[in-house]
Amino acid sequence: MNSIVKAHFDQVLHHLYINPLEKCNLKCKICYTRKTNPILSNEEMLEFINRYKKEQTIETITFCGGEVMALATFPKLVNVLTRQGIFIQIITNGTIDRLDEFETPNLINLITSLDGLPTYHDKNRGTGNFAKSIAFMKKAHEMSFHLDVFSIVTHQNLPFISQFEQYLQDQLGFLPVVTYHPRKPPTYLTVHPVSNIVGETEGFDFLNREEMLTLMKTKNVFPPKDLGCYQIAVASDGKVYGCCEGTISIGTLQDEITTLIANLKQRLETWEKTNTLHNCLGCSQSEFMCGIKQYLLELQTYAA
Ligand SMILES: C[S@@+](CC[C@H](N)C(=O)[O-])C[C@H]1O[C@@H](n2cnc3c(N)ncnc32)[C@H](O)[C@@H]1O
């Protein structure tokens, strides 16, 4: 592994990603994930985390879903982890206010999903949900939680990004870091075996090539332009992947931690052997790359 990728890989091992469930309280029109049944118990997650801690220091755990705030005992799990000094990130739609149940707001980053201005957001997520999420964010800010925003970008809301940021600034009194998620393109959806729901396209068109390149050039995006978004990622069915969007697992929750780490490392070694991108931090699924390889290649051609 080249030294930059190796240094990044070593850092990544201190950050786990866990998806305890796929069920959600909302029915977003453009959500790409399947609402399957399995749910990881707190005991299963803690058993894995405790075994992992014997091999690596855990600095951060990011929880996603589904909607983790819908899990009755989720704050209890977070409190166990923050008591151990672990920084927790929670990707949430911000419509279920359980804020008072968390003991240490300053050790928690609430990554709240907002898909643009209120009317557009509610068109995807349901009437009244923008107001709920903003109220959640205001209360969280007052309580000293950290706040970031994830925002899905489509052909329709791309032209309103500046207005959206101004609106957030006005509402919250500050502008959180916003990571823009281009609506998962057909090159992602047609390849992913599970997270492959197309949903509605009327009023929510996929970005075209130029729009995708403009967004990637001008904004903080996910996946990031230089990749490196791999990590040990646990799914609700107990499979472990090399990133949050993985399609081919690197093992299961029951596997030895050293085996999982070795498997992730091997993925990156494979990536290096086949990689044609420059100055990139690597991908654990080089054949998939979330369907954005063509854009990354084009961006590098422009930059050259
Ligand atoms: C599947 S959601 C689960 C977490 C939580 N329920 C929420 O809404 O934030 C995880 C992230 O995926 C984003 N997302 C959902 N559908 C998407 C799509 N079609 N393209 C890109 N991102 C999407 C959401 O906005 C959210 O930030």
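Residue positions are given per chain, counting from 1 as you read along its sequence in written order. Whole-chain, interface and lining totals are the exception, using all residues; otherwise, since this is a predicted model, local features are given only for residues with pLDDT of at least 70 and side-chain atom pairs are given and counted only at 80 or more. Here the side-chain values reflect all heavy atoms present in the structure, with hydrogen atoms and water set aside.

Going by the annotation in an unreviewed UniProt entry, the name recorded for the chain is Radical SAM core domain-containing protein, with Candidatus Cerribacteria bacterium 'Amazon FNV 2010 28 9' given as the source organism.

Only DSSP runs of H or I with at least four residues qualify as helices, and only runs of E with at least two residues qualify as strands; both kinds are numbered from the N terminus onward. Looking only at helices and strands, the chain has 10 helices and nine strands in total. With C-alpha atoms as the basis for the radius of gyration, the globule rule is written as 2.2 Å multiplied by the number of residues raised to the power 0.38. Computed over C-alpha atoms, the radius of gyration of the chain comes to 19 Å, within 12% of the 19 Å expected from 2.2 N^0.38 for 304 residues, which places it in the range of a compact globule. Counting over 304 residues, the chain shows a buried share of 53%. Look at the contacts in the chain between residues 6 or more apart in sequence, and 68% of them connect residues 24 or more apart. Residue burial is assigned from relative accessible area. The probe radius is 1.4 Å, only protein chains are included, and a residue is buried under 20% of its type maximum, exposed over 50%, and partly exposed in between. Contact between two residues is taken to exist if any of their heavy atoms lie within 4.5 Å; hydrogens are not considered.

Bringing the packing of aromatic side chains into the picture now. Ring pairs (aromatic) are described by centroid distance and by the angle formed between their planes. Stacked, edge-to-face and tilted are the three classes for Phe, Tyr and Trp ring pairs, Trp counted by its six-membered ring, which pair at centre distances within 6.5 Å; planes under 30 degrees apart are stacked, over 60 edge-to-face, the rest tilted. Applying the stated rule across the entire model yields eight aromatic pairs. Plain terms: the ring middles of Phe 48 and Tyr 52 are 6.2 Å apart, the flat faces sit at 40° to each other, and that makes the pair tilted. One end of the pair is Phe 48 and the other is Tyr 52, both in helix H2 (residues 42-53) and four residues apart, which spans about a single turn. What links up through ring pairs into an aromatic cluster is the set Phe 63, Phe 74, Phe 102 and Phe 145. In this scheme, Lys NZ or Arg CZ marks a charge over a ring once it lies within 6 Å of the ring centre and within 35 degrees of the ring normal. Here Lys 123 stacks its cationic end above the ring of Phe 204, 5.2 Å away from the centre of that ring. Its guanidinium or amino end placed over the ring of Phe 206, Arg 183 lies 4.5 Å from that ring's centre, counting from NZ or CZ.

Most of strand S3 (residues 87-92) is tucked away: five of the six residues are buried. Of the strand pairs in this sheet, strand S2 (residues 60-63) and S3 are connected by four bridges, and their pairing is parallel. Bridging from a neighbouring strand, Phe 63 pairs with Ile 90 of S3. Classification remark: right-handed applies to a crossover when, strands pointing away from the viewer, the course from the first strand over the helix to the second runs clockwise. The β-α-β motif built from S2, the intervening helix H3 (residues 74-83) and the parallel element S3 has right-handed crossover chirality. A pair of strands is labelled paired if DSSP reports no fewer than 2 bridges between them. Relative to strand S4 (residues 108-113), S3 runs parallel, the two sharing five bridges. Within S4, the position partnered with Gln 89 by the bridge is Asn 109.

Before going further, it helps to examine the pairing of S4. Regular strands show a simple pattern: their side chains alternate between the two faces of the sheet. Burial runs high along S4: six of the six residues are buried. By the alternation rule, side chains of S4 split into Ile 108, Leu 110 and Thr 112 and Asn 109, Ile 111 and Ser 113, which are all buried.

So, about the sheet that holds strand S1 (residues 15-18). Read across the open sheet, the nine strands follow the order S6-S5-S4-S3-S2-S1-S7-S8-S9; overall the sheet is mixed. Strands with a single pairing partner mark the edges of an open sheet, and in this sheet they are strand S6 (177-182) and strand S9 (251-252). Across the sheet, H3 touches S2, S3 and S4, and the angle it forms with S3 is around 155°. Inter-axis angles, ranging from 0 to 180 degrees, are taken between N-to-C directions of lines fitted to C-alpha atoms, where helices are fitted over the stretch in contact.

Moving on: the UniProt feature "domain: Radical SAM core" (unreviewed entry) in the chain. UniProt positions are given in the numbering used here, feature names are shortened, and annotations may be inferred rather than shown by experiment. Mapped onto this structure's residue numbering, the UniProt feature "domain: Radical SAM core" (unreviewed entry) falls at residues 18-146. Note that residues 18-146 is 34% helix and 14% strand, and that its end C-alpha atoms are spaced 19 Å apart.

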